[in-house]
Amino acid sequence: MSNTAVNSILVTGGAGSIGANFIYYLVEKHPDVRVVNLDALTYAGNLENLKEIEGHPRYRFVRGRIQDNKLVAGLIREEMIEAVVNLAAESHVDRSIAGPEVFVETNVRGTLVLLDEARKAGVQRFLQVSTDEVYGSLGPDGSFTESTPLAPNSPYSACKAGADFLVRAYYRTYGFPTLITRCSNNYGPYQFPEKLIPLMILNAMQDKELPVYGDGMNVRDWIYVKDHCAALSMVLFRGKPGDVYNIGGNAEKPNLDIVRIILKLLGKPQSLIRFVQDRPGHDRRYAIDASKIQRELGWIPEWKFEKGIARTVEWYMANRAWWERIISGDYQKYY
Ligand code: NAD
Ligand code: TDX
């Protein structure tokens, strides 16, 4: 299914949770593809996520920041990069509330540097991995389509929206062949335990309290990370330049339901739930209309939520050493 013209791919942020899953997906499903992973290894980057691919002949890791224009330009030329998939980002909303600057630096300025160097080098496809959060918050009804106006509410989503506008401008102004995906909340293996699902699994496993913001009735549309990776791959190889594609898991759930399901799967008491102070500017509901990618590219999510969450809980149970090294900070001694 690969477009044979695109064999050499620069993936940024590949040591993060979606990036690592995506690199495994690309290398396994596309035997003609070579992947260069550029990642700064911030607190969220973990080379242990990529252990199974270390030394693979079609994979190379380079440590560096996407804002480093000399490094990016050199890498694109040296590796004869034909496509860029930008996953590198500061990705956690609570951190963006505590300190927005680094979000501007990486998510906005970093995207600009990547776009510019990729354009100058004649890269054939540029996929920006964005998020449903750029659309803002929904009431009880309706869902986000690709033409929903952007209305971001957190510093994180504002920076992702800023990047989306730059990507759009590079297509309109320079005719640079860009693509944008906007996906809902991911869960699955290798997710850093600051995000809702892994945090709750690990707290429950350790008999710690589960902090639920506000009334716990904020709704997210959950997608198993492997379904997101399949969608990214379809858009990368077959998407129409200049277009936006929404990606969603068809699994809308209030946070409280998620937490209760996790406790049940682990056989832990519901009394571990603690309602805590709400997140400022907390978006109430996200829901994705993914009919465009289904219709135009034939993508459908394969993982039902019940199966995906059970598999995710099993993964964290089976990979205690992985998350214990994150909690102790030892994962950053790996490199
Ligand atoms: P993550 O935080 O797990 O990983 C981000 C990765 O980017 C890390 O490996 C980090 O080291 C790297 N990075 C950060 N700053 C960098 C820089 N300046 N230069 C190079 N590398 C840098 O994030 P994730 O959850 O895997 O998300 C990946 C992408 O997908 C992000 O762009 C995010 O906005 C988007 N997204 C995430 C979700 C989700 O539910 N997690 C949903 C939709 C879209
Ligand atoms: O301790 C918590 N308690 C809680 O109630 C945490 C960490 C979260 N929450 C709530 C806030 C949200 O309503 O759970 C929901 C999910 O929170 P996060 O995991 O922080 O995700 P969210 O803010 O929805 O953003 C995520 O989805 C879209 C990713 O972090 C983004 O990178 C992605 O773009």
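Below, the structure is looked at part by part. (Residues numbered from 1 in each chain as written. Chains lettered and ligands numbered in written order. Predicted model: local features only at pLDDT ≥ 70, side-chain atom pairs only at ≥ 80, totals over all residues. Heavy atoms only, no water.)

As for its placement among the helices and strands, P152 is situated in the loop between β5 (125–131) and α5 (155–174). On the basis of relative accessible area, P152 is assigned to the partly exposed category, the value being 30%. (Helix = DSSP H or I, 4+ residues; strand = E, 2+ residues; numbered from the N terminus. Buried < 20%, exposed > 50% of the residue type's maximum accessible area, 1.4 Å probe, protein only.)

Strand pairing within a sheet occurs via backbone hydrogen bonds; the two strands may be parallel or antiparallel. Strand order in the open sheet formed by seven strands is β3-β2-β1-β4-β5-β6-β11, with parallel pairing between adjacent strands. If you trace the sheet from one side to the other, it starts and ends with β3 (59–63) and β11 (244–247), each paired once. Here the average twist between neighbouring strands, direction ignored, is 20°. Across five bridges, strand β2 (residues 34–39) lies against β3 in parallel orientation. Residue pairing for β3: V36 is matched across the bridge by R60. The strands touched by α5 are β5 and β6 (178–183); relative to β5, the strand with the most contacts, the crossing angle is about 155°. (Pairing = 2+ DSSP bridges. Axes fitted to C-alpha atoms, helices over the stretch in contact; angles between N-to-C directions. Contact = heavy atoms within 4.5 Å.)

Neighbouring residues of ligand 2: 21 residues in total, closest T131, E133, Y156, R279 and H282. In this structure, P211 approaches ligand 2 through a main-chain N or O atom, which is 2.8 Å from a nitrogen atom. Y213 places a main-chain nitrogen or oxygen 2.8 Å from an oxygen atom of ligand 2. Within the complex, the protein chains bury 94% of what would otherwise be the 650 Å² of accessible surface of ligand 2. Elements with a contribution of two residues or more to the shell around ligand 2: α6 (196–205) and β8 (210–213). Partitioned by chemical class, the residues of the shell around ligand 2 number nine nonpolar, seven polar and five charged. (Near = heavy atom within 4 Å. Polar contact = N/O pair within 3.5 Å; in protein donor to acceptor, adjacent residues only side chain to side chain. Areas by Shrake-Rupley, 256 points an atom, 1.4 Å probe, with all protein chains shown as cover. Nonpolar A, V, L, I, M, F, W, Y, C, P; charged D, E, K, R; others polar.)

Around ligand 1 there are 29 residues in total, and D39, Q67, S91, Y156 and K160 lie nearest to it. Within the side chain of D39, a nitrogen or oxygen atom sits 2.6 Å from an oxygen atom of ligand 1. Between ligand 1 and the protein, one listed contact pairs an oxygen atom with a backbone N or O atom of N186 at 2.9 Å. Looking at the shell around ligand 1, the elements with two or more residues in it are α1 (17–29), β5 and α5. Residue composition of the shell around ligand 1, grouped by class: 12 nonpolar, 14 polar and three charged.

What follows concerns α1. Over its 13 residues, α1 runs 18 Å from end to end, which matches the ideal 18 Å to within 8%, given 1.5 Å per residue. Taken together, the buried positions of α1 are G19, A20, N21, F22, I23, Y24, Y25, L26 and V27. The elements touched by buried residues of α1 are β1 (8–12), β2, β3, β4 (83–86) and α7 (225–238). (Expected span 1.5 Å × (residues − 1).)

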